[in-house]
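# Topology and contacts: notes
So the chains spell out like this:
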Amino acid sequence: MRVVRRALLVAALLAVAVPLYADRRSDAKAEVAFGIDVAHKGLWREAILRWQKATELDPTYAQAWNDLGIGYEQMGKFDEARAAYDKALKIDPNNEYIRQNYDAFREIYDRQNRRGRDH
Amino acid sequence: MRSVKFMIARTAAAAIISGLAAVTAAACLSVSDVQIETPIQAKMDVSAFQRVLVVGFVAGGSKAVDANTETVRLLKSQLRTKSDLKVVDTDPLPLADEIDKRRIASGEARILPAPANASDPLIKDQKDLKAYADALTDDSWKAYWRKLGEQYQSPLIVTGSILFTETASSGMQQTIQTTQDATTGRASYTEGKQFVDKKGFAIDPTFIFIDSRTGDQLYSQAYHQDVSYSSSLTTPPLSSYFELMDKIVPSFLSTLSTQKIKGTRVLLK
């Protein structure tokens, strides 16, 4: 009887959680899409707000973290960009597009932080 | 027989499922390229200056290029177009000669004796260059920078040293040989190694930034770049000089002003 009760509880939780997750991902996707539209129009601040919201709605959405990294890069916020790219790669380490963006960013990031031979 | 059919069916199903998964994944991943301009913050705060004066450099190495004149000219033209500072137009000062002149005037010997052969450079290597560059840190020079400051309305002074030298090296280099089959016409490639002689150039500039109001050094930065070519190629020294400086100038400019680096990134949905 206890086993049946547990199974029912798990089923009930899943019945609530799965659609909730789907809703959040769908809302996050809408934010990401809007962010991309405005970024193409040069409205980077608005794009960043949208992508931030997307990552809050769904912190496992690697694409949103990737886009946020790009947005921060455009604004010259290097540490934030690096954190966003790191997060995107942690979630989706095999994504070639994210890797490509990250590599291009690292080239600039390292140059900005290179102080080895400065006096 | 039945188990064979089952296996075939199972393999086909697996292939369809994996195919569908790949198509779905590709369909889900929406990508778009976007152009970005990443701002690189200036390494120095130059807000106190409205003008910049590229005085000249202690230069040495190959006599094929007048590294002092070329560097002053190049930096001035880059600063004119890529910085907000007004560039003071003066002739490049031959700093090594100036240092020796001052020493002789004060009863001291030249740092290095004049070369016996007129075609030889006075400053041949890093050791010679350092001897002259160190002289620039004398207090007498502080007074000179301040004097320039009074003369040119307190600019930021750019000076330093530059060594442009010819290099030669030899070693094994990987080669790919192509051979064509006489009957089939098919090309085949064989990797191999070949001993080659190389020659090239190296450049070692150090840029020093001085506050002409006080004569104090604000910042300095040293660079090194080199390039080598097969000894069969004849590359003019001046074109190598510009090739090497092309790699250094963006970093020099980013010391004084915010630079924007254009690039393409991939936005993902």
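As a convention, each chain's residues are numbered from 1 in the sequence order in which they are written. Chain A is the first chain written and ligand 1 is the first ligand written, with later ones labelled in order. Only residues with pLDDT of at least 70 get local features here, since the model is predicted, and only at 80 or more are side-chain atom pairs given and counted; chain-wide, interface and lining totals rely on the full set of residues.

### Considering the confidence of the model for chain A
Predicted coordinates in regions of low pLDDT should not be interpreted in detail. The predictor attaches a confidence to each residue, called pLDDT, with possible values from 0 through 100. Scored by pLDDT, chain A has a mean of 87; 84% of the residues are at 70 or more. By the convention adopted here, residues are in contact when the distance between their C-beta atoms, placed from the backbone, does not exceed 7 Å. A low-confidence stretch, residues 115-119 of chain A (pLDDT under 50), is modelled with 5 contacts involving residues beyond four sequence positions or located in other chains.

### Focus: helix 6 (residues 237-256) of chain B
Residues and elements named next belong to chain B. Look at helix 6: 28 Å from first C-alpha to last across 20 residues, which is about the 28 Å you get at 1.5 Å a residue. One fitted axis covers the seven residues ending at a residue, a second covers the seven starting there, and the bend at that residue is the angle between these axes. A run of H or I in DSSP becomes a helix once it reaches four residues, and a run of E becomes a strand once it reaches two; helices and strands are each numbered from the N terminus. Of all the bends in helix 6, the greatest reaches close to 35° and is centred on Asp246; the proline Pro250 follows between one and four positions later. Comment: burial labels come from other C-beta atoms within 10 Å of the residue's own C-beta, placed from the backbone, where a count of 20 or more is buried, 12 or fewer is exposed, and between is partly exposed. Considered for burial, the residues of helix 6 that qualify are Ser240, Tyr241, Leu244, Met245, Phe252, Ser254, Thr255 and Leu256. Multiplying one less than the number of residues by 1.5 Å gives the expected span of a helix.

### Let's talk about the interface of chain B and chain A
Facing the 19 residues of chain B at the interface are 22 residues of chain A. Of the residues contributing to the side of chain B that touches chain A, the split by class is 10 nonpolar, 6 polar and 3 charged. Charged means Asp, Glu, Lys or Arg here, nonpolar means Ala, Val, Leu, Ile, Met, Phe, Trp, Tyr, Cys or Pro, and polar covers whatever is left, Gly included.

### A closer look at the nonpolar core
Each nonpolar core consists of buried Ala, Val, Leu, Ile, Met, Phe, Trp, Tyr and Cys residues. Their C-beta atoms, within 7 Å, join them into a set. Membership of the largest hydrophobic core comes to 25 residues, with the highest contact counts inside it found for Trp51, Ala64, Trp65, Leu68 and Ala84 of chain A. Broken down by secondary-structure element, the contributors of at least two residues to this core are helix 1 (2-40), helix 2 (44-57), helix 3 (62-74), helix 4 (78-91) and helix 5 (96-113) of chain A together with strand 9 (259-268) of chain B. At 6 residues, the largest contribution of residues to this core is made by helix 3 of chain A. Here Trp65 of chain A is in contact with Thr55, Ala84, Lys87, Ala88 and Ile91 of chain A, once residues within four sequence places are set aside. Counting residues in hydrophobic clusters, the runner-up holds 21 residues, among them Val65, Ala96, Ile162 and Leu244 of chain B.

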